[in-house]
Amino acid sequence: MIINNVRLVLEDQVVHGSLEVADGVIRSFADGNSRLPQALDGEGGWLLPGLIELHTDNLDKFFMPRPKVDWPAHSAMSSHDALMVACGITTVLDAVAIGDVRDGGHRLENLQKMIDAVIHSQRAGLNRAEHRLHLRCELPNAGTLPLFEQLMDKPGVSLVSLMDHSPGQRQFVSRAKYREYHQGKYNLSDAAMDEYEQQQVALSARWATPNRQAIAARCRERGIALASHDDATAAHVAESCALGSAIAEFPTTEEAARASHRQGLQVLMGAPNIVRGGSHSGNVAAHQLAAIGTLDILSSDYYPASLLDAAFRLAADARNGYDLPQSVAMVTRNPARALGLTDRGAIAEGLRGDLVLARAHGEHVYVQQVWRQGRQVF
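Within an unreviewed UniProt entry, the label attached to the chain reads Alpha-D-ribose 1-methylphosphonate 5-triphosphate diphosphatase, and the organism entered is Serratia rubidaea.

Side note on the overall build of the chain
The secondary structure content of the chain amounts to 13 helices and 16 strands. Relative to the globule expectation of 21 Å for 378 residues, the C-alpha radius of gyration of the chain, 21 Å, shows essentially globular dimensions. On the principal axes, the C-alpha backbone points of the chain span a range of 70 × 45 × 40 Å. Burial status across the chain gives 56% buried among its 378 residues. Nonlocal contacts in the chain, meaning residues at least 24 apart in sequence, comprise 65% of its contacts between residues at least 6 apart. Total accessible area computed for the chain in this model is approximately 15700 Å², and 49% of it derives from carbon and sulfur atoms. Of the charged side chains in the chain, 36 are positive and 43 negative, and the gap between their average positions amounts to 2 Å.

Section: helix α8 (residues 254-262)
The complete set of buried residues in α8 reads Ala256, Ala257, Ala259 and Ser260. On an axial view of α8, the arc spanned by its buried residues comes to 165°, and they lie on one face. Buried residues along α8 sit in contact with α7 (234-243), β11 (247-249), β12 (266-270) and α10 (286-291). Where α8 terminates, the next one or two residues include Gly264, which has phi positive at roughly 90°.

Here's the deal with empty space enclosed by the protein
Inspection of every chain in the model, using the stated rule, returns 1 cavity of 30 Å³ or more. What the largest cavity holds in volume is close to 70 Å³. Together, Val9, Leu10, Glu11, Pro49, Pro325, Val328, Ala329, Thr332, Arg333, Gly345, Ala346 and Ile347 line the largest cavity. Broken down by element, the lining of the largest cavity gets its largest block of residues, 3 residues, from helix α12 (residues 324-329). Looking at the lining of the largest cavity residue by residue, the class counts come to 8 nonpolar, 2 polar and 2 charged. In terms of domain composition, the lining of the largest cavity takes at least three residues from each of domain 1 (1-49 + 344-377) and domain 2 (51-342).

A few points about the side chain of Thr90
Here Thr90 is to be found in strand β7 (residues 89-98). On the basis of relative accessibility, which here comes to 1%, the residue Thr90 falls in the buried class. With sequence-adjacent residues up to four places away left out, Thr90 is seen in contact with Gly50, Leu51, Ala129, Glu130, Asp354, Val370, Trp371 and Arg372.

Remarks on unusual backbone geometry
Of note in this structure, Asp230 is not a glycine but carries a positive phi near 60°. For Asp230, the position within the fold is in the loop between β10 (225-229) and α7. For Asp230, a relative accessible area of 3% corresponds to the buried category. Located in the positive-phi region is Phe250, a residue other than glycine, with phi close to 50°. The topology assignment puts Phe250 in the loop between β11 and α8.

Description of the nonpolar core
Ranked by size, the top nonpolar core spans 38 residues in total, and within it Leu48, Leu295, Leu298 and Leu308 carry the most contacts. Both domain 1 (1-49 + 344-377) and domain 2 (51-342) contribute no fewer than three residues apiece to this core. In contact with Leu48, not counting residues within four places along its chain, are Val9, Leu308, Phe312, Val328, Ile347, Asp354, Leu355 and Val356. One finds Ile98, Leu147, Ala214 and Ile215 within the second-largest nonpolar core, a separate group that totals 32 residues.

A short note on the packing of aromatic side chains
Within the structure shown, the criterion is met by 1 aromatic pair. The ring of Trp46 carries the charged tip of Arg7 above its face, separated from the ring centre by 4.0 Å. In this arrangement the basic side chain of Arg206 is found over the ring face of Trp207, its NZ or CZ atom lying 3.9 Å from the centre.

Thoughts on the pattern of salt bridges
Pairing is possible between side chains that carry opposite charge, provided their charged atoms lie close to one another. Going through the model one piece at a time under the given rule, you end up with 17 salt bridges. In this structure, Glu20 engages Arg27 in a salt bridge whose closest nitrogen and oxygen atoms are separated by 3.2 Å. Judged by its relative accessible area of 24%, Glu20 falls in the partly exposed class. Here Glu130 makes a salt bridge to Arg344, at a shortest N to O gap of 3.1 Å. Remark: Arg344 occurs in the loop between α13 (333-339) and β14 (355-361) and Glu130 occurs in strand β8 (residues 130-138); sequence separation between them is 214 residues. Summarising the burial analysis for this pair, Glu130 and Arg344 share the class buried. Among the charged side chains, a network of salt bridges with common partners joins Glu130, Arg132, Asp343, Arg344, Arg352 and Asp354.

About the cut-offs
- Residues numbered from 1 in each chain as written.
- Predicted model: local features only at pLDDT ≥ 70, side-chain atom pairs only at ≥ 80, totals over all residues.
- Heavy atoms only, no water.
- Helix = DSSP H or I, 4+ residues; strand = E, 2+ residues; numbered from the N terminus.
- Rg over C-alpha atoms; globule rule 2.2 N^0.38 Å.
- Buried < 20%, exposed > 50% of the residue type's maximum accessible area, 1.4 Å probe, protein only.
- Contact = heavy atoms within 4.5 Å.
- Areas by Shrake-Rupley, 256 points an atom, 1.4 Å probe, with all protein chains shown as cover.
- Lys, Arg positive; Asp, Glu negative; His and termini not counted.
- Charge placed at Lys NZ, Arg CZ, Asp CG, Glu CD.
- Arc of directions from axis to C-beta.
- 1 Å grid on protein atoms, 1.4 Å probe; cavity = no way out; pocket = protein on both sides within 12 Å on 5 of 7 lines; lining within 4 Å.
- Points joined across faces, edges and corners; volume = space filled by probe spheres on them.
- Nonpolar A, V, L, I, M, F, W, Y, C, P; charged D, E, K, R; others polar.
- Domains from an automatic or database assignment.
- Core = buried A, V, L, I, M, F, W, Y, C linked by side-chain atoms within 4.5 Å.
- Phe/Tyr/Trp six-rings, centres within 6.5 Å; stacked < 30°, edge-to-face > 60°.
- Lys NZ or Arg CZ within 6 Å of the ring centre and 35° of its normal.
- Salt bridge = Lys/Arg side-chain N within 4 Å of Asp/Glu carboxyl O.

Structure (structure tokens):
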């Protein structure tokens, strides 16, 4: 496969030229066009490495598209997969929640079904993107560790994150924000909310620390990449580093982001945060971290199309010093390296032919074609 007349987004520059893929890997690229008649004309679009998504709960939406609607696993998985590649994502870590029963238990009920769907569809070669697993461990729960131990050796487990969404700390330093979010989402009365809040504080005090330490130890033993979640203070970051974390997911303050970056953790923020211009929880905005040079990875989180959009928005934003190769690295090379995936994430000879051809219509950048290992999947 040869692609002509494209703007190749390389690791440190953008070059107008062509690229050749053979046997699923990038054979060569050049700053001129191929003369072979079978070459595809990229019409001046950007050719990027395939996007790599580390933290998306998008799969949930397809398994339960409406409350109390339980969708067949094959259909849910194939629809989710199609959306991923349509957004330029060729490697995706599907995040499944362990210990989170806040949504009436549906996540717990669907957990095994989702994990089986990811594993079986990937093993059977049904997926267009490559799907792996991200285990999101909600720590304030007595059942989190036993369930994690049942799942930690499943095929494709590539990332584990440690999270505590109890009130008064991390994402919900503001108790008012915590109450506003949960009362709005679950339609709780003031009395019911008081009881729920007290319960979550007590569960965190009992289970968060022992679960954090035990799960981190299991990850170190198995070489599974570990991520902190919603760190807010330098003390949180120090604890995350001591546990062996490689990624700092969604730090809520500039202090935590600076400390994470300084200590070598890859700082991950939400691409929707970039697109919307701020955090929906009222925490530090991703563009603020970009402006001080402490932003390393973007995740589409709950909106897959935001990943490509955010990379181009970052490069166009005069408030920070990221050019297009640096911004694209946040959705390609940097997440690959954080997971130890050395075979993808950049346009370089010998790496996988995971590629995205993107074009602009006015200020909007959209995906035109996608290849995984040299095979067109969109």
